[in-house]
Amino acid sequence: MTRRAGHACRTRLETAICVEMDRQGLPHEHRSLRFRVHDAAGNSTQYEPAIAARRGPILFLVEPIAPGRTARIRRLIGFLEQHSPEIVLILVTADEGVGEIRPEAYDEIYGASDVGRLTARIREQDPEGIVQPFRKPHRPGARPHDTAK
């Protein structure tokens, strides 16, 4: 775990996101929220988002994730199915992994080299407006679609 200016970051990618959010003046919190996610068998697990940023009533959860984390992806899919449409779940992964993560696991996704664009997108979100639609990347064998909420 790395500490920088009161922020406890667990990975280099989370640190990079945090540094960019600070640089652009976007207030955010680390691991300040906890959610329960239920699976098909009725069991529940805790989900603690890495970063939370608020724009009025809209809550952006930003989650750095490595490609291939199958159990974690399933938890994120369950989270999106069970929680508020005023929550926007954003994943950040290695640039080459963006197309590998199932679209139903996120509302938006960015490569590690796009954390500046991700941060600007959150910062520019009108707190009183609708969430801007995001066009999900095309996966081989799937049709692209957007995530207007």
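Procedures and definitions
- Residues numbered from 1 in each chain as written.
- Predicted model: local features only at pLDDT ≥ 70, side-chain atom pairs only at ≥ 80, totals over all residues.
- Heavy atoms only, no water.
- Axes fitted to C-alpha atoms, helices over the stretch in contact; angles between N-to-C directions.
- Helix = DSSP H or I, 4+ residues; strand = E, 2+ residues; numbered from the N terminus.
- Parallel < 35°, antiparallel > 145°, perpendicular 65-115°, else oblique.
- Left-handed = near helix turned anticlockwise from the far one by under 90°.
- Contact = heavy atoms within 4.5 Å.
- Nonpolar A, V, L, I, M, F, W, Y, C, P; charged D, E, K, R; others polar.
- Pairing = 2+ DSSP bridges.
- Core = buried A, V, L, I, M, F, W, Y, C linked by side-chain atoms within 4.5 Å.
- Buried < 20%, exposed > 50% of the residue type's maximum accessible area, 1.4 Å probe, protein only.

Visitor: Let's hear about the packing of helix α1 (residues 12-23) against helix α3 (residues 115-124): which residues, and what values?
Guide: It is the contact of α1 with α3, at a shortest axis distance of 9 Å, that shows an interaxial angle of 50°. The pairing of α1 with α3 is recorded here as oblique in orientation. Pair α1 / α3 crosses with right-handed handedness. On α3, the residues touching Ala16, Ile17, Glu20 and Met21 of α1 are Val115, Gly116, Thr119 and Ile122. By residue class, the composition of the contact of α1 with α3 is five nonpolar, two polar and one charged.

Visitor: Before we move on, can you summarise the pairing of strand β6 (residues 51-55) with the specific residues and values?
Guide: In the sheet, strand β3 (residues 29-30) pairs with β6 via two bridges, with the strands oriented antiparallel. Directly across from Glu29, in β6, lies its bridge partner Ala52. If you look at the hairpin formed by β6 and strand β7 (residues 58-64), you'll find two residues sitting between the two strands, and Gly56 has a positive phi there, around 60°.

Visitor: Provide a residue-level description of the nonpolar core, including the pertinent values.
Guide: Proteins that are soluble and globular tend to have nonpolar side chains buried together. With 39 residues, the main nonpolar core has Leu61, Val62 and Ile122 as its most contacted residues. Elements with a contribution of two residues or more to this core: α1, β4 (35-38), β6, β7, α2 (70-82), β8 (87-93), β9 (108-111) and α3. For this core, the leading source of residues is β8, giving six residues. With near-sequence residues (within four places) excluded, Leu61 lies in contact with Leu33, Phe35, Tyr47, Pro49, Ile51, Ala52, Phe79, Ile87, Val88, Leu89 and Ile90.

Visitor: Hey, could you go over the sheet that holds β3 for me, with residue numbers and the actual values?
Guide: Across the sheet, which stays open at both edges, the five strands sit in the order β3-β6-β7-β8-β9 with mixed pairing between neighbours. Edge strands, defined here as strands with exactly one partner in the open sheet, are β3 and β9. Pairing of β7 with β8, which is carried by six bridges, proceeds in the parallel orientation. Paired with Leu61 across the strands is Leu89, a residue of β8. Where α3 meets the sheet, it contacts β6, β7, β8 and β9, and its direction lies at approximately 145° from that of β9.

Visitor: Would you mind going over the environment of Leu118 in detail, with residue names and values included?
Guide: Examined against the element boundaries, Leu118 turns out to sit in helix α3. For Leu118, a relative accessible area of 0% corresponds to the buried category. In sequence terms Leu118 and Ile90 are 28 residues apart; their C-alpha atoms lie 8.7 Å from each other. In this structure, Leu118 is in contact with Val62, Ile90, Val92 and Tyr110, ignoring residues within four places of it in sequence.

Visitor: Which residues make up the side chain of Glu20, and what are the values?
Guide: Considering the arrangement of structural elements, one finds Glu20 in helix α1. Residue classification places Glu20 among the buried positions, given a relative accessible area of 12%. With sequence-adjacent residues up to four places away left out, Glu20 is seen in contact with Val115, Gly116 and Thr119.

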